[in-house]
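# Notes for the structure review
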Amino acid sequence: MTGRTWATSALLLALTACSTGPSLENRGAVTASPGDSHHLTIGSAGFTESDLLAQMYAQLLNQAGYQTSILTVANRELYEPALESGQIDVVPEYAATFADWLGAKTHGADARPVGSPDLDATMKALRELAAPRGLTVLPPGRAVDQNAFAVSADYARRHGLKTLSDLGAAKLKVRLAAGDECVERPYCAPGLEKVYGIDITGVDPKGVGTTQAKRAVQDGRDQMVLTTTTDATLDQFGLVLLADDRHLQNADYVVPVVNRSRAGSERVAMVLGKLNDVLTTADLARLNQQVDSRRRLPADVARAYLTDKGLLR
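Residues numbered from 1 in each chain as written. Predicted model: local features only at pLDDT ≥ 70, side-chain atom pairs only at ≥ 80, totals over all residues. Heavy atoms only, no water.

## With respect to the pattern of salt bridges
Two side chains carrying opposite charge are able to pair once their charged atoms lie near each other. Just so we agree on the cut-off: Salt bridges are defined as contacts in which a side-chain nitrogen from Lys or Arg sits within 4 Å of a carboxyl oxygen from Asp or Glu. Runs of H or I in DSSP of at least four residues are treated as helices and runs of E of at least two as strands, each being numbered from the N terminus. Think of it in three bands: with a 1.4 Å probe and only protein chains considered, a residue is buried below 20% of the maximum accessible area for its type, exposed above 50%, and partly exposed in between.
Under the definition given, this model contains 17 salt bridges. The partner of Lys105 in a salt bridge is Glu80, with the nearest N and O atoms 2.4 Å apart. One end of the pair, Lys105, is in helix H5 (residues 95–107); the other, Glu80, is in helix H4 (residues 76–85), with 25 residues separating them in the sequence. Accessibility expressed as a relative area gives 30% for Lys105, which makes it partly exposed. Two residues, Arg262 and Asp89, come together in a salt bridge whose shortest N-O distance is 2.5 Å. With Arg262 in helix H11 (residues 260–263) and Asp89 in the loop between H4 and strand E3 (90–94), the pair connects residues that are 173 residues apart, well separated along the chain. Residue class for Arg262 comes out partly exposed when judged on its relative accessible area of 27%.

This is how it looks when you write it as structure tokens:
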């Protein structure tokens, strides 16, 4: 076993050991005065976008005088308790998804989802779930990573499609490349039919935004693919997104979540808030592309972006 593998294993054991986090019965302790630790650990969930956001958080905090390290823990079941316990201090999250995850953790797997297309309602629910766990959810930025639907650019041109409403009005038969769960999920096939009147003739179970799914649409075997708003590879397959103009999808805006007792200060919020002012969904997609397609390092891509936006000296 190499030293690096041993260190990773030891880390996972340590995180597992603290997996319960603060007791919800001890609400006074976990909602104590916000802290401002000089040494902050930034968590990443281990995929490109999360790595980029973690790097941007770290570089902004470094410039503000904090000492930071980045810890990659791909499993939310591990990194969220570590955030509660203070082994991780800051992590980039997605508002609606994290709200539903905390809701299920608090009230059980069958808990009613609290994430919705309404950002204000989603943030209110998320903060109510996070606060008893000693977590503070900072304001969301402009960037959102939602489920999204893409068609071939040629198909969009031929039928005059820019939005999902356009597709419904066109009365076209649509075979959708997506995951198995799309057949039942309200944001997927049922929602497309109910909200937009799109005639979904079948779901081709090729996964969410996979290469196989995109190629099926590119080749005309399927007409549409379920992907995300920050998908960096659509151009490579000649695909374009159709706008969710009736807001079927939940408000999965990027939000920093911090351990209140270690990183809940106004200073941390102010530093990370600078990114909110500039980072857009389109920016995030382009940054993902630089890492995924051009094989650049997330740290370098993050630094170049922040410098270009005047946030790093």
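## A look at the pairing of E3
Here is the rule: Only strands that DSSP links by at least two bridges are regarded as paired with each other.
Most of E3 sits out of view: five of its five residues are buried. The side-chain alternation of E3 yields two buried faces, one formed by Val90, Pro92 and Tyr94 and the other by Val91 and Glu93. For E3 and strand E10 (residues 254–259), the ladder comprises five bridges, and the chain directions are antiparallel. Each bridged residue has a counterpart across the sheet, and for Val90 the counterpart in E10 is Val258.

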